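The residues making up each chain are set out below.
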Amino acid sequence: MRSVDLRKLVSVMGQFTDSELRNKYLLHLHQSSENGKLKDEEWTSLQKLLENIINQDSEINLEGFFLSYTIPQISKEFDMLKIGSNKVLNIELKSRITKKEKRQLMRNRYYLSHLGVEIISYVYILSVDEIYKLVNDELVQCCISEVVQSIKDVDIQHELQIDSLFDVADYLVSPIITPDRFLNEEYFLTSLQEFIKKEILHTIKEGKKFHFISSDAGTGKTLLIYDIAKSLQKDGRVCIIHCGLEENGHMKVSEAFENIDIISTKGINDAIFEQYNYIIIDEGHRIGSEEIDNIVEKVKENSLSLIISMDRYQTLTKPNNELSMYSTLVSSKEAREYSLHGKIRTNSQMSSFIRSLFNLAKKNPNVVYDDVELLFSNSYEETEKVFEHYSKNGFVVLNHTPIIDKEIGYKGFEKYKSSHEVIGQEFDNVLVYLDDNFLYEDGKLISKDIPGSEYVYTRLLYQEVTRVRKKLCVVVIDSQELFERILEILI
């Protein structure tokens, strides 16, 4: 997507009233098939704003603008952006006053702040023909001459590739991995997360007891439920049950709030249902159906509210595959279900590769996998050397969870983190491996049923690859056929 000269739009807006035709021309100027479409009211607001600007300074240079730009994956949209090497100018277009303008500009500023330069923020209101500037977190009315000067103050980068400036990893906040950023509220929820939060808080006040959040990996479900907990703790005591290993982040968050306690599944007992008003279960797919049934019963007996988040695909063991607890909750007349979709943790390239890895029919030939590396190794001993090299170079090496008291799996890998040890965590660079326990059947990746193992290896692998944020290395051990099938995805 390239920047545009707004003067080229002036004549088009003067000649054509059809917004569809205007948007086609704008897409042509942007050299984009996705970003760059304005709504009817935004076109009207833009036309009036440009008229005011040109009347103030007929010679002003209006090059270097991006219109209706959306940051990939997190769907954050900016009406007008001019990004210079020295400053960034953001102007939002409104047909009328909505009382949400200040929050929007502050949110925009957050997403632009990682660029490391001064951010100048305005909002133009068409109905009153007024423009306001964000100054010290307050909206201050200003004159058009100030906007003109701001445009001049931001230099023009003609060859700027705007997508390269925004990495979704810069905006990822995890209560567990980055607790300080969470506690300092250095994050914003997506519009869908905000909607689900609002609905849950509202229905809890109405007396609804059971709330079920279904999502895929990387959609931000943990951030959402911890943010909900922050709101609920103002009215009562909250117990968050996490279904993984205890991390420093759990302790930091728990210590920061008097009314929030975080426990592992081992800490579940009858007493907690008498001590708390709200029970929240993170990664609920890790809990067996009998235990979920017991929790539901205790919640009913004590008139509590229960929120469970889970990813139905990330069950790791055979008994949990049927997920009877899911049907138990959804079939309850008191239960409400919410679907959280749209990956924000994993970049689009990685999401495409993961889908294709597990189902070759989903291969997308239009995607270039720059962040995925495929290696072949002849033996476990050789692979161990590969692990050591990548571990020293910033990769987190993941091992399929070994079977306790069973001679299954290569012992040399046991020093690396297991599938279970990284539940709920995320890493920039991840290395995983596939050996002869994996194969493709009718284009779908399956794993052998290993005697003595309670785990489904494809589920372990899915847990592992969905931990990645930036780069993934896949090592295939001594299986040429498997290597060739995965290579088909990458070429």
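Residues numbered from 1 in each chain as written. Predicted model: local features only at pLDDT ≥ 70, side-chain atom pairs only at ≥ 80, totals over all residues. Heavy atoms only, no water.

1. A closer look at the overall build of the protein chain
Next up, step 1: Within the protein chain, the regular secondary structure consists of 16 helices and 19 strands.
Next up, step 2: In the protein chain, which comprises 491 residues, the share counted as buried stands at 53%.
Next up, step 3: Counting only contacts in the protein chain whose residues sit at least 6 apart along the sequence, the fraction spanning at least 24 positions is 74%.
Next up, step 4: Carbon together with sulfur atoms contributes 44% to the accessible area of the protein chain, which is approximately 22800 Å² in total. (Helix = DSSP H or I, 4+ residues; strand = E, 2+ residues; numbered from the N terminus. Buried < 20%, exposed > 50% of the residue type's maximum accessible area, 1.4 Å probe, protein only. Contact = heavy atoms within 4.5 Å. Areas by Shrake-Rupley, 256 points an atom, 1.4 Å probe, with all protein chains shown as cover.)

2. A few points about the packing of aromatic side chains
Next up, step 1: Applying the stated criterion across every chain, the model contains 14 aromatic pairs.
Next up, step 2: An angle of 40° between the planes, with centres 4.6 Å apart, marks the rings of Phe387 and Phe413 as tilted. Pair noted here: Phe387 is in helix H14 (residues 380-392) and Phe413 is in the loop between strand E14 (396-399) and strand E15 (417-418), with a separation of 26 residues, a long-range link.
Next up, step 3: On the basis of relative accessibility, which here comes to 0%, the residue Phe387 falls in the buried class.
Next up, step 4: With 6.3 Å between their ring centres and 40° between their planes, Phe438 and Tyr457 make a pair best called tilted. Here Phe438 is found in strand E17 (residues 438-441), whereas its partner Tyr457 is found in helix H15 (residues 457-465), with 19 residues between them in sequence.
Next up, step 5: Classification of Phe438 by relative accessible area gives buried; the value is 2%.
Next up, step 6: Given a relative accessible area of 6%, Tyr457 falls into the buried group.
Next up, step 7: Ring pairing ties together the aromatic residues Tyr380, Phe387, Phe413, Tyr416 and Tyr433, which thus form one cluster.
Next up, step 8: The ring of Phe182 has Lys230 lying over it, and the distance from NZ or CZ to the ring centre is 4.6 Å. (Phe/Tyr/Trp six-rings, centres within 6.5 Å; stacked < 30°, edge-to-face > 60°. Lys NZ or Arg CZ within 6 Å of the ring centre and 35° of its normal.)

3. Comments concerning helix H8 (residues 221-232)
Next up, step 1: End to end, H8 covers 16 Å across 12 residues, agreeing with the expected 16 Å (1.5 Å per residue, within 8%).
Next up, step 2: Across the 12 residues that make up H8, a large majority, 12, are buried.
Next up, step 3: The set of residues buried in H8 consists of Lys221, Thr222, Leu223, Leu224, Ile225, Tyr226, Asp227, Ile228, Ala229, Lys230, Ser231 and Leu232. (Expected span 1.5 Å × (residues − 1).)

4. Some remarks on the nonpolar core
Next up, step 1: In terms of nonpolar packing, the biggest core is built from 43 residues, with Tyr69, Leu81, Ile213 and Ile307 touching the most fellow members.
Next up, step 2: Here the element with the most residues in this core is H8; it accounts for 7 residues.
Next up, step 3: Residues Val432, Tyr440, Leu460 and Leu472 belong to the second largest nonpolar core, which totals 32 residues. (Core = buried A, V, L, I, M, F, W, Y, C linked by side-chain atoms within 4.5 Å.)

5. Some thoughts on the sheet that holds strand E1 (residues 65-71)
Next up, step 1: As summarised here, the arrangement of the 6 strands in space is E1-E2-E3-E4-E5-E6, forming an open sheet in which the pairing is mixed. Pairing within the sheet leaves two strands with one partner each, and these edge strands are E1 and strand E6 (138-142). Averaged over all pairs of adjacent strands, the angle between their axes in this sheet comes to 35°, without regard to strand direction.
Next up, step 2: Pairing geometry for strand E3 (residues 87-94) and strand E4 (residues 118-125), over 8 bridges, is parallel. Residue pairing for E4: Lys87 is matched across the bridge by Glu118. (Pairing = 2+ DSSP bridges. Axes fitted to C-alpha atoms, helices over the stretch in contact; angles between N-to-C directions.)

6. What to know about the pattern of salt bridges
Next up, step 1: Taken as a whole, this structure holds 21 salt bridges when the rule is applied.
Next up, step 2: Put simply, Lys87 and Asp153 hold a salt bridge, and the shortest N to O gap is 4.0 Å. In this pair, Lys87 sits in strand E3 while Asp153 sits in helix H5 (residues 144-153), placing the two residues 66 residues apart along the sequence.
Next up, step 3: Salt bridges here are not isolated pairs; linked through shared partners, they connect Lys87, Glu118 and Asp153. (Salt bridge = Lys/Arg side-chain N within 4 Å of Asp/Glu carboxyl O.)

7. Quick word on empty space enclosed by the protein
Next up, step 1: Counted according to the given criterion, the structure contains 2 cavities of 30 Å³ or more.
Next up, step 2: Within this model, the second largest cavity holds a volume of roughly 100 Å³.
Next up, step 3: As for the second largest cavity, its lining consists of 13 residues, and the residues nearest its centre are Ile176, His250, Asp282, Ile423 and Gly424.
Next up, step 4: Classifying every residue of the lining of the second largest cavity gives 4 nonpolar, 6 polar and 3 charged. (1 Å grid on protein atoms, 1.4 Å probe; cavity = no way out; pocket = protein on both sides within 12 Å on 5 of 7 lines; lining within 4 Å. Points joined across faces, edges and corners; volume = space filled by probe spheres on them. Nonpolar A, V, L, I, M, F, W, Y, C, P; charged D, E, K, R; others polar.)

8. Topic: the confidence of the model for the protein chain
Next up, step 1: For the protein chain, per-residue confidence averages 85 on the pLDDT scale, and residues scoring 70 or more make up 88% of the total.
Next up, step 2: Of the regions scoring below 50 in pLDDT, residues 319-323 engages in 12 contacts with residues more than four places distant in sequence or in other chains. (pLDDT = per-residue confidence, 0-100.)

9. Description of the environment of Ser377
Next up, step 1: On the secondary structure map, Ser377 appears in strand E13 (residues 372-377).
Next up, step 2: The exposure class of Ser377 is buried, given its relative accessible area of 1%.
Next up, step 3: Sequence spacing of Ser377 and Ser479 is 102 residues, and the spatial spacing of their C-alpha atoms is 8.6 Å.
Next up, step 4: Among the polar contacts made by the side chain of Ser377, one reaches the side chain of Thr383 at a distance of 2.7 Å. (Polar contact = N/O pair within 3.5 Å; in protein donor to acceptor, adjacent residues only side chain to side chain.)

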